[in-house]
Amino acid sequence: MAKDKTFYSCTECGGTSPRWLGKCPSCGAWNTLIESVPDAAPGKNRLSAAAGQYAGLAQAQAVMPLSAIEATEVARTPSGIDELDRVLGGGVVEGGVVLIGGDPGIGKSTLLLQALDALQRAGLPTLYVTGEESGAQVALRSRRLGLDHSQVSVLAEIQLEKILATVESTQPAVAVIDSIQTVYSDQLTSAPGSVAQVRECAAHLTRMAKATGIAVVLVGHVTKEGALAGPRVLEHMVDTVLYFEGDTHSSFRLVRAIKNRFGAVNEIGVFAMTEKGLKGVANPSAIFLSQHSEPVPGSCVLVTLEGTRPLLVEVQALVDGGGPSPRRLSVGLERDRLAMLLAVLHRHAGVACADQDVFVNAVGGVRISEPAADLAVMLAITSSLRGRALPKGFIAFGEVGLAGEVRPAPRGQERLKEAAKLGFTVAVVPKANAPKKPIAGLQIHAVERVDEAMSAVRELG
């Protein structure tokens, strides 16, 4: 009996190789080639799939200039969970496809089951397709979450054709596929979860959503690095990509929008895991601020911007005597940026930490990627080195350049208003962010250079 011919496909880009290689020849990723079996009649299936996709998505229309096309706002349906609506851009979009990923056990299925129940109670038909659990397990979770007498329709199925037939017969407004890695199509011979199966099943579901106006939510597995498993083309197909973040040992979860065709990217929603499921946190700044009875050295509060939401985050620094090779460690901030800030601090402010261990941490497990945290990090490091606490009710933000200048941060007025609303009284900000009208209860010190900021803080102390 002839042996089936095999090839190796990349789990990142879908590229193929006739033999196993440590590095993918297409995208350069390491250890991503897995053994696969060619699909039966691939040319026929690929052509029919492509023809169906173009037939479903693009009706024959004349070429028109942009000015002649009627632009209408997309209709949104609130999901019943305010924090989820914030991340989605205002609610569920008709015909939109959402891909949500996260570590196992972080709360993806819990959140979606709560959202479907809220939509069902609002009068919208919903469908929950589970490929990883039985219907009894989903029912048990709904009882545990307190969703009594829930009318959400549940389908335990992993075959794509049966799922599409059920969606067509029931016509739900929102359908959740949990998860896309478990779904397979009879047209392909490869196993569920393979690159070909994930790509084709996602394409069929996306095509169905666009053709019928049904909103589809796909749950995706993640790799050990935290990226969505499967080909990157999966993220390009869908309209919105959401990531669940947070430590499974902590009760708080962040849902971050990485891509959103209908709203702002990098928007976050903050949830607290309780016995009754995930609950939205109305004032997330309280999570990221430590409760000190008195100001302590090495602590500085920063007003960061996550999407359109200003958040107050406490940055802590510890400077301790180091050996011949001092350590530089940062949690929640970029390590390379920390090394650059230490060099600027030495050159332009005369604060030397070359022989000291420097540890920087963002409280609450939040990740800060914007450069507006530079000034707060430098002030926290200086405070720890000198053993002198910053004044009570103190905040700072601003980007620091290599020449020692303090550059403005975007939407500075909103940051300052958020800080004043939460009771902060003193702020050191870039000169370009200084408000034209005074903000009640907030004393603002506008600076142009790092040494000016250090002098302002010394005077306040």
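The structure displayed is predicted, hence computed values, not measured ones.

Caption draft 1: Spotlight on the overall build of the protein chain. Counting its secondary structure elements, the protein chain contains 11 helices and 23 strands. Once the C-alpha set of the protein chain is aligned to its principal axes, its extents read approximately 80 × 55 × 55 Å. Expressed as a percentage of its 461 residues, the buried residues of the protein chain come to 47%. Partitioning the intrachain contacts of the protein chain with sequence separation of at least 6 by distance along the chain shows that 65% fall at a separation of at least 24. For the protein chain, the exposed area adds up to about 22400 Å²; of that, 54% sits on carbon and sulfur atoms. Across the protein chain, the mean location of the 45 positive side-chain charges is 2 Å away from that of the 46 negative side-chain charges.

Caption draft 2: Quick look at unusual backbone geometry. Cis geometry marks the peptide bond from aspartate 178 to serine 179, where omega comes out at 5°. Here serine 179 lies in the loop between strand S9 (174-178) and helix H6 (195-212). Backbone geometry at histidine 149 places phi at a positive 55°, although glycine is not the residue there. If you trace the backbone, histidine 149 turns up in the loop between helix H4 (135-144) and strand S8 (153-156).

Caption draft 3: The packing of aromatic side chains, seen in detail. In the structure shown here, the tally under the stated rule is 0 aromatic pairs. The positively charged end of arginine 415 is found above the aromatic ring belonging to phenylalanine 397, 5.5 Å away from the centroid.

Caption draft 4: Quick peek at the packing of helix H5 (residues 160-170) against H6. Packing of H5 against H6 leaves a shortest axis separation of 11 Å and a crossing angle of 10°. What the angle tells us is that H5 and H6 run roughly parallel. Contact residues: Leu160, Leu164 and Val167 in H5; Cys201, His204, Leu205 and Met208 in H6. Grouping the amino acids of the contact of H5 with H6 by side-chain chemistry returns 6 nonpolar, 1 polar and no charged.

Caption draft 5: Molecular detail of empty space enclosed by the protein. In the structure shown here, the tally under the stated rule is 3 cavities of 30 Å³ or more. Taken as a whole, the largest cavity encloses approximately 240 Å³ of empty space. Leu84, Leu88, Val92, Val98 and Val217 are, among the 25 residues lining the largest cavity, the residues nearest its centre. The element contributing the most residues to the lining of the largest cavity is helix H3 (residues 108-121), with 5 residues. Tallied by class, residues from the lining of the largest cavity come to 19 nonpolar, 5 polar and 1 charged. If you add up the space inside the second largest cavity, you get close to 110 Å³. In terms of lining, the second largest cavity is formed by 14 residues, of which the most central are Leu333, Glu334, Arg337, Leu341 and Asp374. Mapped by element, the contributors of at least two residues to the lining of the second largest cavity are helix H8 (335-349) and helix H9 (374-386). When residues in the lining of the second largest cavity are grouped by element, the largest group, 3 residues, is from H8. Considered class by class, the residues forming the lining of the second largest cavity number 8 nonpolar, 2 polar and 4 charged.

Caption draft 6: Here's a closer look at the sheet that holds strand S18 (residues 356-362). Strand order across the open sheet formed by 7 strands is S17-S18-S16-S15-S19-S22-S23, with mixed pairing between neighbours. Of all strands in the sheet, those with a lone pairing partner are strand S17 (328-331) and strand S23 (443-447), marking the two edges. Here the strands of the sheet are splayed against their neighbours by 25° on average, with no regard to which way each runs. When strand S22 (residues 426-430) meets S23, the two strands line up parallel, connected through 5 bridges. Opposite valine 426, over in S23, you have glutamine 443 as the bridge partner.

Caption draft 7: Layout of the sheet that holds strand S14 (residues 277-280). With respect to topology, 9 strands assemble into an open sheet ordered S8-S7-S9-S10-S6-S11-S12-S13-S14, the strand pairing being mixed. If you trace the sheet from one side to the other, it starts and ends with S8 and S14, each paired once. In this sheet, adjacent strand axes meet at a mean angle of 25° when their direction is disregarded. Sheet topology note: the strand S7 (residues 126-130)/S8 ladder contains 4 bridges and is parallel. The residue bridging leucine 127 from the neighbouring strand is serine 153, located in S8. Here H5 sits on the sheet and contacts S7, S8 and S9; the angle it forms with S7, its principal contact strand, is near 165°. Docked against the sheet, H6 engages strand S6 (97-101), S9 and strand S10 (215-220), running at close to 160° with respect to S10.

Caption draft 8: Main features of helix H10 (residues 412-421). Along H10, the residues classified as buried are Gly412, Arg415, Leu416, Glu418 and Ala419. In an axial view of H10, the angular spread of the buried residues amounts to 160°, which keeps them on one side of the axis. When the buried face of H10 is taken as reference, the exposed residues oriented beyond 90 degrees from it are Lys417 and Lys421. Looking at the buried positions of H10, the neighbouring elements they touch are strand S15 (299-306), strand S16 (309-321), strand S19 (394-396), S22 and S23. Once H10 finishes, glycine 423 follows within two positions and takes phi at roughly 95°, a positive value.

Caption draft 9: Region of the structure containing the environment of glutamate 405. Within the secondary structure layout, glutamate 405 lies in the loop between strand S20 (399-400) and strand S21 (406-407). Between the C-alpha atom of glutamate 405 and that of threonine 110, which follows or precedes it by 295 residues, the distance is 47 Å. Glutamate 405 has contacts with Glu399, Val400, Glu448 and Arg449, leaving out every residue within four places of it along the chain. One polar contact links glutamate 405 to arginine 407, side chain to side chain, over a distance of 2.7 Å.

Caption draft 10: Quick look at the pattern of salt bridges. Taken as a whole and judged by the stated rule, the model has 17 salt bridges. Between aspartate 239 and arginine 261 there is a salt bridge, and its shortest N-O distance comes to 2.8 Å. In this pair, aspartate 239 sits in the loop between helix H7 (233-237) and strand S11 (240-245) while arginine 261 sits in the loop between strand S12 (252-260) and strand S13 (268-274), placing the two residues 22 residues apart along the sequence. A relative accessible area of 3% means that aspartate 239 is categorised as buried. In this structure, glutamate 245 engages arginine 367 in a salt bridge whose closest nitrogen and oxygen atoms are separated by 3.4 Å. One end of the pair, glutamate 245, is in strand S11; the other, arginine 367, is in the loop between S18 and H9, and 122 residues separate them in sequence.

Cut-off values and rules
Residues numbered from 1 in each chain as written. Predicted model: local features only at pLDDT ≥ 70, side-chain atom pairs only at ≥ 80, totals over all residues. Heavy atoms only, no water. Helix = DSSP H or I, 4+ residues; strand = E, 2+ residues; numbered from the N terminus. Buried < 20%, exposed > 50% of the residue type's maximum accessible area, 1.4 Å probe, protein only. Contact = heavy atoms within 4.5 Å. Areas by Shrake-Rupley, 256 points an atom, 1.4 Å probe, with all protein chains shown as cover. Lys, Arg positive; Asp, Glu negative; His and termini not counted. Charge placed at Lys NZ, Arg CZ, Asp CG, Glu CD. Phe/Tyr/Trp six-rings, centres within 6.5 Å; stacked < 30°, edge-to-face > 60°. Lys NZ or Arg CZ within 6 Å of the ring centre and 35° of its normal. Axes fitted to C-alpha atoms, helices over the stretch in contact; angles between N-to-C directions. Parallel < 35°, antiparallel > 145°, perpendicular 65-115°, else oblique. Nonpolar A, V, L, I, M, F, W, Y, C, P; charged D, E, K, R; others polar. 1 Å grid on protein atoms, 1.4 Å probe; cavity = no way out; pocket = protein on both sides within 12 Å on 5 of 7 lines; lining within 4 Å. Points joined across faces, edges and corners; volume = space filled by probe spheres on them. Pairing = 2+ DSSP bridges. Arc of directions from axis to C-beta. Polar contact = N/O pair within 3.5 Å; in protein donor to acceptor, adjacent residues only side chain to side chain. Salt bridge = Lys/Arg side-chain N within 4 Å of Asp/Glu carboxyl O.

In short, the description is geometric, and any link to function would need to be established separately.
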